[in-house]
Amino acid sequence: MTQSIGLTVITGPSGVGKGTLVSRLLERNKNVWLSVSATTRSPREGEKDGVNYFFLAKNQFQALVNNKGLLEWAEFAGNFYGTPKQEVLKKLKNRKKVLLEIELEGARQVRKSFPEAFQIFIAPPSYEELEARIRGRDTESEDSIQKRLKRAEVELKAQKEFDAVVINKDIEVALISLEKLIGLNLSK
Ligand code: 5GP
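One structure accompanies this document, and this report is about it. Going along each chain's sequence as written, the residues are numbered from 1 onward. Residue-level local features of this predicted model are given only where pLDDT is at least 70; pairs of side-chain atoms are given and counted only at 80 or more, and the full residue set underlies all totals for whole chains, interfaces and linings. Hydrogens and waters are ignored; side-chain quantities use all the structure's heavy atoms.

The next thing to look at is the nonpolar core. L25, L99, I120, I122 and L178 are the most contacted members of the largest nonpolar core, which has 22 residues in total. At the level of elements, α1 (18-28), β8 (118-123), α5 (127-137), α6 (142-157), β9 (164-167) and α7 (171-184) are the ones that each hand at least two residues to this core. The way it works is that DSSP assigns letters per residue, a run of H or I at least four long becomes a helix, a run of E at least two long becomes a strand, and they are numbered from the N terminus. Among the elements that take part in this core, α7 stands out by supplying five residues, more than any other. Two residues qualify as a contact provided that any one of their heavy atoms is within 4.5 Å of a heavy atom in the partner residue. Setting aside its immediate chain neighbours within four residues, I120 contacts T8, V9, I10, T11, F162, A164, V166, L178, L181 and I182. We call a set of buried residues a nonpolar core when its members are Ala, Val, Leu, Ile, Met, Phe, Trp, Tyr or Cys and they connect through side-chain atoms within 4.5 Å of each other. In this scheme, a residue with accessible area under 20% of its type's maximum is buried, one over 50% is exposed, and one in between is partly exposed, where area comes from a 1.4 Å probe on protein chains only.

What follows is the structure, encoded as structure tokens:
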């Protein structure tokens, strides 16, 4: 087994509660740093540029891709998302624990570029529960909900590719599992 580089990837279908889990984890673990992604999607109410995402126009995103400024990127539900490379490399160099919260295609790209990164899949208790959560969030148009649910079917089938699966039924239980996995991944 190789020494971990301190990079953990968290993936899971839209609506599974990754965002809430990750923000709770960051509150409790000040030594963990979450990468801020770039996206072409519009900000949701309350989201701030540079905090939740770097909200970019399509041509700005394309420029980042062209300049090889992204560690990985993918299209998801009609928008582009990507991980700015420079800051991640800097944090890893400084031995910070780095989290990427990204979708499946991005996770697959990271698996190639950083095979030693630890990859965790967050799964819902059931598909029905996932749909209820996405709808309950009330942040998406019906078109976006449909795209996300369709993509969720593909993502759920891919969970066996991951190093670990955490079922987010009870957030407190899931949070503890996640913390244990992130603490343990140093020995991967
Ligand atoms: P949302 O629009 O709900 O914020 O995010 C949609 C999906 O994009 C989620 O599954 C989220 O994990 C993923 N995502 C967020 N940032 C990135 C990124 O930098 N790269 C990739 N590949 N996916 C991302």
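Having seen it, we continue.
Quick look at the packing of aromatic side chains now. Two aromatic rings from Phe, Tyr or Trp, using only the six-membered ring of Trp, form a pair when their centres are within 6.5 Å; if the ring planes differ by under 30 degrees the pair is stacked, by over 60 it is edge-to-face, and anything between is tilted. For the structure on display, the rule yields seven aromatic pairs. Ring pairs connect the aromatic residues Y53, F55, F76 and Y81, which therefore count as one cluster. Note that K91 overlies the ring of W33, its terminal NZ or CZ placed 4.7 Å from the centroid. Distance and angle both matter: a charge sits over a ring if NZ of Lys or CZ of Arg is within 6 Å of the ring centre and within 35 degrees of the ring normal. Above the face of the F162 ring, R111 is positioned so that its terminal group lies 4.9 Å from the ring centre.

So, about the pairing of strand β1 (residues 7-11). Here β1 lies mainly inside the structure; five of its five residues are buried. Side chains L7, V9 and T11 project from β1 onto one buried face, and the interleaved T8 and I10 project onto a second face that is buried too. When DSSP locates at least two bridges between a pair of strands, those strands are taken to pair. Looking at chain direction, β1 and strand β7 (residues 97-101) are connected through four bridges and run parallel. Bridging across to β7, V9 finds its partner in L100. Sheet analysis places β1 next to β8, joined by four bridges and oriented parallel. The residue bridging T11 from the neighbouring strand is F121, located in β8.

In space, the five strands of this open sheet follow the order β2-β7-β1-β8-β9, with parallel pairing throughout. With one partner strand each, in any of the chains shown, β2 (32-34) and β9 form the two edges of the open sheet. Within this sheet the neighbouring strands show an average axis-to-axis angle of 25 degrees, counted without direction. A fitted line through C-alpha atoms represents every axis, and for helices the fit uses only the stretch in contact; the resulting angles, taken between N-to-C directions, go from 0 to 180 degrees.

Time to look at the site of the ligand. Whether a residue is near a molecule or strand is decided by its heavy atoms; if any one of them lies within 4 Å of it, the residue is near. With respect to spatial proximity, 16 residues lie near the ligand, and among them S37, R41, Y53, Y81 and E103 are the closest. Any N or O atom pair separated by 3.5 Å or less is treated as a polar contact, with the protein-specific requirement of one donor-capable and one acceptor-capable atom, and with residues adjacent in sequence counted only for side-chain atom pairs. Between the ligand and R44 there is a distance of 2.8 Å, counted from an oxygen atom to a side-chain nitrogen or oxygen. In this structure, an oxygen atom belonging to the ligand sits 2.8 Å away from a side-chain N or O atom of R148. Burial of the ligand by the surrounding chains reaches 96%, relative to a free accessible area of 520 Å². Method for areas: the Shrake-Rupley scheme with a 1.4 Å probe, in which residue coverage is limited to the protein chains shown.

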